[in-house]
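# Observations on the three-dimensional arrangement
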Amino acid sequence: GAGKTESIVSYICNYLSVGSGASMNDAKAAPKAMFQLATFCRIFGRDFDFRVTNYIKSQSPEDIDPASRSSNDAGIFARGTPDSNTQLLVSLMPPSGGDNKIFSERAIALVASIMPGLNDLRNLGKLQIDPAVIRRFMGFKDFVGLCHSNFISKSSRDALVGYLSSLSGYDEAK
């Protein structure tokens, strides 16, 4: 009742106005705070940087089975452009140097080639992107399947084909 959440929201607005970022955890905040922060992110062009984790779970009569588990997660790839999702994933990779640098660069190129196609499928409602989905499409069979999908755009297909053509020894005829 003393206005702590309002103060925090105003501080975050100041941080956003100078191009910085912020994180806020407030278990007792009113839902209004989330909408205020989302509005400020939109004003400052940071829509894709805004994330919310809601730990409030509904209990419906169908969830009476004690063996079933329900949870909330932070679907970090549920929104965003292919570039922002790629950068988010790459930022989670450990730094590499020396002999491992080539493997790191190849992994980044692989992620950058997959993400546009996955975003196309996500935007069409064909799948939800999560780490398991990304891992699955990193496999050669699913990667090539994505490349031949009718649901992705030409630019997404070009990114996939570009990665495949950069692999030494890849021959589509085989």
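Quick note: structure is the one above.
Residues numbered from 1 in each chain as written. Predicted model: local features only at pLDDT ≥ 70, side-chain atom pairs only at ≥ 80, totals over all residues. Heavy atoms only, no water.

### With respect to the pattern of salt bridges
Defined as follows: For this analysis, a salt bridge means a side-chain nitrogen from Lys or Arg found within 4 Å of a carboxyl oxygen belonging to Asp or Glu.
The full count for this structure, using the stated rule, is five salt bridges. Note that R46 and D49 form a salt bridge whose closest N and O atoms lie 2.6 Å from each other. Ionic pairing is found between R136 and D142, a salt bridge with its closest N-O pair at 3.6 Å.

### A word on the environment of S155
For the record, the criterion: Put simply, DSSP H or I for four residues or longer makes a helix, DSSP E for two residues or longer makes a strand, and each gets a number counted from the N terminus. Burial status follows relative accessibility: with a 1.4 Å probe on protein chains alone, a residue under 20% of its type maximum counts as buried, one over 50% as exposed, and anything between as partly exposed.
Mapped onto the secondary structure, S155 falls in helix α7 (residues 154–166). Under the relative-accessibility criterion, S155 is labelled exposed at 55%.

### Structural notes on the packing of aromatic side chains
To keep it simple, the criterion reads: Centres within 6.5 Å are what make two rings of Phe, Tyr or Trp a pair, Trp counting through its six-membered ring; a difference in plane orientation under 30 degrees is then read as stacked, over 60 as edge-to-face, and the rest as tilted. Only Lys NZ and Arg CZ are tested; either one counts as a charge over a ring when it is within 6 Å of the ring centre and within 35 degrees of the ring normal.
Applying the stated rule across the entire model yields one aromatic pair. Their ring planes at 55° and their centres at 5.7 Å tell us that F143 and Y163 sit as a pair that is tilted. In this pair, F143 is assigned in helix α6 (residues 140–147) and Y163 in helix α7, connecting sequence segments 20 residues apart. There is no split in this pair, since F143 and Y163 are both buried. Over the aromatic face of F151 sits the side chain of K126, whose NZ or CZ is 4.2 Å from the ring centroid.

### Details of the packing of α6 against α7
Threshold: Throughout, an axis means a line fitted to C-alpha atoms (over the contacting stretch in the case of helices), and angles, computed between N-to-C directions, take values from 0 to 180 degrees. Should an angle lie under 35 degrees it is considered roughly parallel, over 145 roughly antiparallel, and from 65 to 115 roughly perpendicular; all remaining angles are considered oblique. Left-handed is the label given to a crossing in which the near helix is rotated counterclockwise from the far helix by less than a right angle, and right-handed is the label when the rotation is clockwise. The contact criterion used throughout is that any non-hydrogen atoms of two residues lie within 4.5 Å. Under this grouping Gly is polar, as are all residues other than the nonpolar Ala, Val, Leu, Ile, Met, Phe, Trp, Tyr, Cys and Pro and the charged Asp, Glu, Lys and Arg.
At their nearest, the axes of α6 and α7 sit 9 Å apart, and the two run at 135° to each other. In this view, α6 runs oblique relative to α7, as classed from their interaxial angle. Of the two elements, α6 crosses α7, and the hand of that crossing is left-handed. Contacts between α6 and α7 involve F140, F143, L146 and C147 from the first element and R157, L160, V161, Y163 and L164 from the second. Of the residues in the contact of α6 with α7, the class split is eight nonpolar, no polar and one charged.

### Describing a nonpolar patch on the surface
We apply this condition: Grouping into patches uses exposed residues only, defined as over 30% relative accessible area, and leaves out salt-bridged ones; the cut-off is 9 Å for like charges and 5 Å for nonpolar side chains (Val, Leu, Ile, Met, Phe, Trp, Tyr). Computed with the Shrake-Rupley method and a 1.4 Å probe, the accessible areas treat only the protein chains shown as cover for residues.
Residues I8, Y11 and Y15 make up a contiguous nonpolar surface patch of roughly 300 Å² in combined accessible area. With respect to the helices, strands and loops of the structure, I8 is situated in helix α1 (residues 4–17). We classify I8 as partly exposed; its relative accessible area is 33%.

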